[in-house]
Structure formats: C-alpha cells, structure tokens
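Structural description and commentary
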There are 2 protein chains.
Amino acid sequence: METVIGTIAGILTSVSMIPQLIKVLKEKDVENLSWGMIAVLLIGVSLWVVYGIMKNELPIILSNGFSVLVNTILLIYYFKYKNQ
Amino acid sequence: METVIGTIAGILTSVSMIPQLIKVLKEKDVENLSWGMIAVLLIGVSLWVVYGIMKNELPIILSNGFSVLVNTILLIYYFKYKNQ
C-alpha cells in the first residue's frame, strides 16, 4: 500500500515540475531562476536519492531521480542563457 | 545514518522553497504562479506525508509537511492577489 501512495506522490511532485521546465526550454527565459536555489535543491534531491537507495524505497529513488534530471537541465540552461 | 542523510536532504529541499515564498509574500506578485501546478504539488507532498507516516520516517514527514505549509500559503496568496 505504501508503495502505491509513494508512487502516486512521486508522479504528482514530478509532474508539477514539468511546466517550468517546458517554459525554460521553449523561451530560454532564465531571468526568474535563481541558480543558488536550483543548486541547493539539486543537492537536496540527490541526497534523497541516496536516502532512497539506503532504505531501498523505489518511489523515493525514482521521483527524486527525476528531480535531479530536471534541475540539472535547469542549471545548464541557466548558465547557457543567463546573458541573453 | 539514513536519518542524517534524510534530514539534510529535507532541510535543503525545504530551504530551496523559501526565496519564492518570501518574494510572493513581499511583492504579492503571483503572476508567475500556476495554481494548477501548486495544487498538483500540494496533493503530491501531502501524499508523501501520508507515506512518511505509514513508513514511520521522520525526515519524509517533516520536509514534506513543510512543503504542504509553503504551498498552502502560495495557493492562498494566489487567489487573494491574482486580480491585482
């Protein structure tokens, strides 16, 4: 039962990141992004992946792994397009 | 050891939400917010709190509980100031 709840929670929290990612990918508009906060979030979700691996909990690994991917892309785009 | 990693992860992911919250509280600028995505995120992190309670994992309960608080405030501010 917990795995079902964790999987739904993970899907919802992952889905909620997509609009911002699409907006940045489409418009290359990184003005509203704070690279400091993305970096803090990236370290945080990376540690959640480590936590999930240590606890052997797939919902935590997958949802935070997705967040690592999204925030890595945001960070790359931030430094690529910040001076435009 | 896992609890230490989960606690640090939770603190970092919580800290990363604070600048946006402060900006909205100060400037009442909700133009960039999508109430749909805040609602999706709110349901997601609420389910993570349920997951944490079922698994009896404090780091998950506390960090997602904080996220429930932040996103509830954002949602209230969104509907209060969206027509300004």
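Residues numbered from 1 in each chain as written. Chains lettered and ligands numbered in written order. Predicted model: local features only at pLDDT ≥ 70, side-chain atom pairs only at ≥ 80, totals over all residues. Heavy atoms only, no water.

Per an unreviewed UniProt entry, the recorded name for chain A is MtN3 and saliva related transmembrane protein, and the organism is Paenimyroides baculatum.

1. Observations concerning the relation of the copies chain B and chain A
Superposing chain B onto chain A takes a rotation of 180 degrees combined with a translation of 0.0 Å along the rotation axis, leaving an RMSD of 0.0 Å. On the angle and the small slide along the axis, the relation comes out as a two-fold axis. Closest to the rotation axis within chain B is the C-alpha of B:Asn32, separated from it by 4.5 Å. (Least-squares fit on C-alpha atoms with pLDDT ≥ 70 in both.)

2. Focus: the packing of aromatic side chains
Going through the model one piece at a time under the given rule, you end up with 8 aromatic pairs over all chains. Ring geometry for A:Tyr78 and A:Phe79: centres 5.2 Å apart, planes at 90 degrees, overall edge-to-face. Owing to a relative accessible area of 15%, A:Tyr78 belongs among the buried residues under this scheme. Between B:Tyr77 and B:Tyr81, the aromatic rings sit 5.2 Å apart at their centres with planes inclined by 45 degrees, giving tilted as the arrangement. Of this pair, B:Tyr77 and B:Tyr81 are both found in helix 4 (residues 58-81), 4 residues apart, which corresponds to roughly one turn of the helix. Each member of the pair, B:Tyr77 as well as B:Tyr81, is classed as buried. The structure contains a cluster of three or more aromatic residues connected by ring pairs, namely A:Trp35, A:Tyr78 and A:Phe79. (Phe/Tyr/Trp six-rings, centres within 6.5 Å; stacked < 30°, edge-to-face > 60°. Buried < 20%, exposed > 50% of the residue type's maximum accessible area, 1.4 Å probe, protein only. Helix = DSSP H or I, 4+ residues; strand = E, 2+ residues; numbered from the N terminus.)

3. Some details on helix 4 (residues 58-81) of chain A
Taking 1.5 Å of rise per residue, the 24 residues of helix 4 of chain A would be expected to cover 34 Å, and the 34 Å separating its terminal C-alpha atoms lies within 8% of that figure. Within helix 4 of chain A, burial applies to A:Pro59, A:Ile60, A:Ser63, A:Asn64, A:Ser67, A:Val70, A:Asn71, A:Leu74, A:Leu75, A:Tyr77, A:Tyr78 and A:Tyr81. The elements touched by buried residues of helix 4 of chain A are helix 1 (2-15), helix 2 (18-27) and helix 3 (35-55) of chain A together with helix 3 (35-55) and helix 4 of chain B. (Expected span 1.5 Å × (residues − 1). Contact = heavy atoms within 4.5 Å.)

4. Focus on the layout of surface pockets
Of the voids in this model, the largest pocket is the one considered here, and its volume is about 1600 Å³. A:Gln20, A:Leu41, B:Met17, B:Gln20 and B:Leu41 are the residues nearest the centre of the largest pocket, which is lined by 48 residues in total. Those elements that provide at least two residues to the lining of the largest pocket are helix 2, helix 3 and helix 4 of chain A together with helix 1 (2-15), helix 2 (18-27), helix 3 and helix 4 of chain B. Grouping the constituent residues of the lining of the largest pocket by class yields 24 nonpolar, 19 polar and 5 charged. (1 Å grid on protein atoms, 1.4 Å probe; cavity = no way out; pocket = protein on both sides within 12 Å on 5 of 7 lines; lining within 4 Å. Points joined across faces, edges and corners; volume = space filled by probe spheres on them. Nonpolar A, V, L, I, M, F, W, Y, C, P; charged D, E, K, R; others polar.)

5. Re the packing of helix 1 of chain A against helix 4 of chain A
Two packed helices can be described by the angle between their axes and the distance between those axes. All names here are of chain A. Two elements in contact, helix 1 and helix 4, have axes whose closest approach is 9 Å; the angle formed by their N-to-C orientations is 5 degrees. When the interaxial angle is binned, helix 1 and helix 4 end up roughly parallel. The segment helix 1 lies against helix 4, with Thr 3, Gly 6, Thr 7, Gly 10 and Ser 14 engaging Pro 59, Ser 63 and Phe 66. (Axes fitted to C-alpha atoms, helices over the stretch in contact; angles between N-to-C directions. Parallel < 35°, antiparallel > 145°, perpendicular 65-115°, else oblique.)

6. Observations concerning the interface of chain B and chain A
The interface is formed by 31 residues belonging to chain B together with 31 residues belonging to chain A. The contact between chain B and chain A buries some 2600 Å² in all, and 77% of this surface belongs to carbon and sulfur atoms. Ranking the residues of chain B by area buried against chain A places B:Glu2, B:Trp48 and B:Tyr51 at the top, with a combined share of 23%. Taken together, the links from chain B to chain A amount to 0 salt bridges. (Buried area = accessible area lost by both parts, 1.4 Å probe. Salt bridge = Lys/Arg side-chain N within 4 Å of Asp/Glu carboxyl O.)

7. A look at the environment of B:Tyr51
Within the secondary structure, B:Tyr51 sits in helix 3. Taking the C-alpha atoms as reference points, B:Tyr51 and B:Ile61, 10 residues apart in sequence, are found 8.0 Å from one another. In this structure the side chain of B:Tyr51 is engaged in a polar contact, spanning 2.6 Å, whose partner is the side chain of A:Glu57. (Polar contact = N/O pair within 3.5 Å; in protein donor to acceptor, adjacent residues only side chain to side chain.)

8. Digging into the environment of B:Leu25
All names here are of chain B. With respect to the element layout, Leu 25 can be found in helix 2. Between the C-alpha atom of Leu 25 and that of Ile 73, which follows or precedes it by 48 residues, the distance is 8.9 Å. Dropping the residues within four chain positions of it, Leu 25 is found in contact with Ile 73 and Tyr 77.

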